[in-house]
Amino acid sequence: MSRLCIIFDLDGTLVDSEGLCNQAFLDLLPEIGETLESMVERYRGTKLALILADLGARIGRPLPPNFEATYRARVSELFRTDLRPTPGTIEMLETLSYPKCVASSGPPTKIAEALLSSGLSRYFGDHVFSSYEVGSWKPDPGLFLHAARSMGYSPNQCIVVEDSPVGLQAAAAAGMTAIHYLPGSQYSEMFGQSHAVVGRMADLPRLIDAASQGV
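Given the structure is predicted, the values throughout are model-derived calculations rather than measurements.

Asks: What's the story with the nonpolar core in this structure? I'm lost.
Replies: For soluble globular proteins, nonpolar side chains are generally found buried alongside one another. Among the nonpolar cores identified, the biggest contains 49 residues, and Ile6, Phe8, Phe25, Leu55, Leu204 and Ile208 are the most heavily contacted of them. In this structure Ile6 touches Leu96, Tyr98, Pro99, Lys100, Cys101, Ile159, Val161 and Ile208, once residues within four positions along its chain are discounted. Membership of the second largest hydrophobic core comes to 19 residues, among which are Cys5, Leu168, Ala174 and Met176.

Right, dumping it as structure tokens:
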């Protein structure tokens, strides 16, 4: 048994979904009048209930009772046609030799659909965990701790790969090493024992190998 387990965030880390999720908001609420890029930056890693409350406040009226269902249906449409893995992710997963899982704040149906649409399901099997199953959302560490227990590892044997600040906070609170996936970053190195930055998925296996020396 490997002495190290890799816990991957999904949205913005394994799949390029942040833009699609926010495009669905713009499609349904054109009065927001904001660029897609600023929407992604504003809501990255945020729990959906908090996003919906913020959107209602910004447009000055309550969202329709069925807005969440309508939104999820629109996201599903966009996923089926446009969702792709983040650049280099498939190649990275093909070479990664450690046990791995997905821990996402999304509901199980959305996670399953994203993995299927992007072609990543085969790399994780049943090793997929949702905040909705444990009632814990990042930056609370509950989801990552649940994933570690389910995989049979202690927190100090886990490395979390995340793109969002709340995910990095959750990893730190769980006592896990974190690698911040920051596309385009020039950094690709460890920063102490608790944090790293990687700009290309192709560099991730090397970083994980380096991190494993301290686990």
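Asks: How should the packing of aromatic side chains be read in this particular structure?
Replies: Remark: the centre distance and the inter-plane angle together describe each pair of aromatic rings, the angle taken between the planes. Scanning the entire structure with this criterion turns up 4 aromatic pairs. An aromatic cluster is present here, built from Phe25, Tyr43 and Tyr71 joined pairwise through their rings. The ring of Trp137 has Lys47 lying over it, and the distance from NZ or CZ to the ring centre is 4.1 Å.

Asks: Can you help me understand unusual backbone geometry in this one?
Replies: Comment: phi is negative for the bulk of residues other than glycine, and the bulk of peptide bonds are trans. Here the amide bond leading from Lys138 into Pro139 is cis, since omega sits at 15°, within 30 degrees of zero. When you line up the elements, Pro139 lands in the loop between α7 (131–134) and α8 (142–151).

Asks: Even after reading the chapter, I still don't get the packing of helix α1 (residues 18–28) against helix α4 (residues 67–82), so can you show me in this structure?
Replies: Geometrically, a packed helix pair is captured by the angle between its two axes and the distance between the axes. Put simply, α1 and α4 touch, their axes get as near as 9 Å, and they point 125° apart. Between α1 and α4, the crossing angle belongs to the class labelled oblique. Our pair here, α1 against α4, has a crossing hand that is right-handed. Across the interface between the two elements, Leu20, Cys21, Gln23, Ala24, Phe25, Asp27 and Leu28 of α1 pack against Phe67, Thr70, Tyr71, Arg74, Val75, Leu78, Phe79 and Asp82 of α4. Across the contact of α1 with α4, the residue classes tally to 10 nonpolar, 2 polar and 3 charged.

The rules behind each value
- Residues numbered from 1 in each chain as written.
- Predicted model: local features only at pLDDT ≥ 70, side-chain atom pairs only at ≥ 80, totals over all residues.
- Heavy atoms only, no water.
- Core = buried A, V, L, I, M, F, W, Y, C linked by side-chain atoms within 4.5 Å.
- Buried < 20%, exposed > 50% of the residue type's maximum accessible area, 1.4 Å probe, protein only.
- Contact = heavy atoms within 4.5 Å.
- Phe/Tyr/Trp six-rings, centres within 6.5 Å; stacked < 30°, edge-to-face > 60°.
- Lys NZ or Arg CZ within 6 Å of the ring centre and 35° of its normal.
- Helix = DSSP H or I, 4+ residues; strand = E, 2+ residues; numbered from the N terminus.
- Axes fitted to C-alpha atoms, helices over the stretch in contact; angles between N-to-C directions.
- Parallel < 35°, antiparallel > 145°, perpendicular 65-115°, else oblique.
- Left-handed = near helix turned anticlockwise from the far one by under 90°.
- Nonpolar A, V, L, I, M, F, W, Y, C, P; charged D, E, K, R; others polar.

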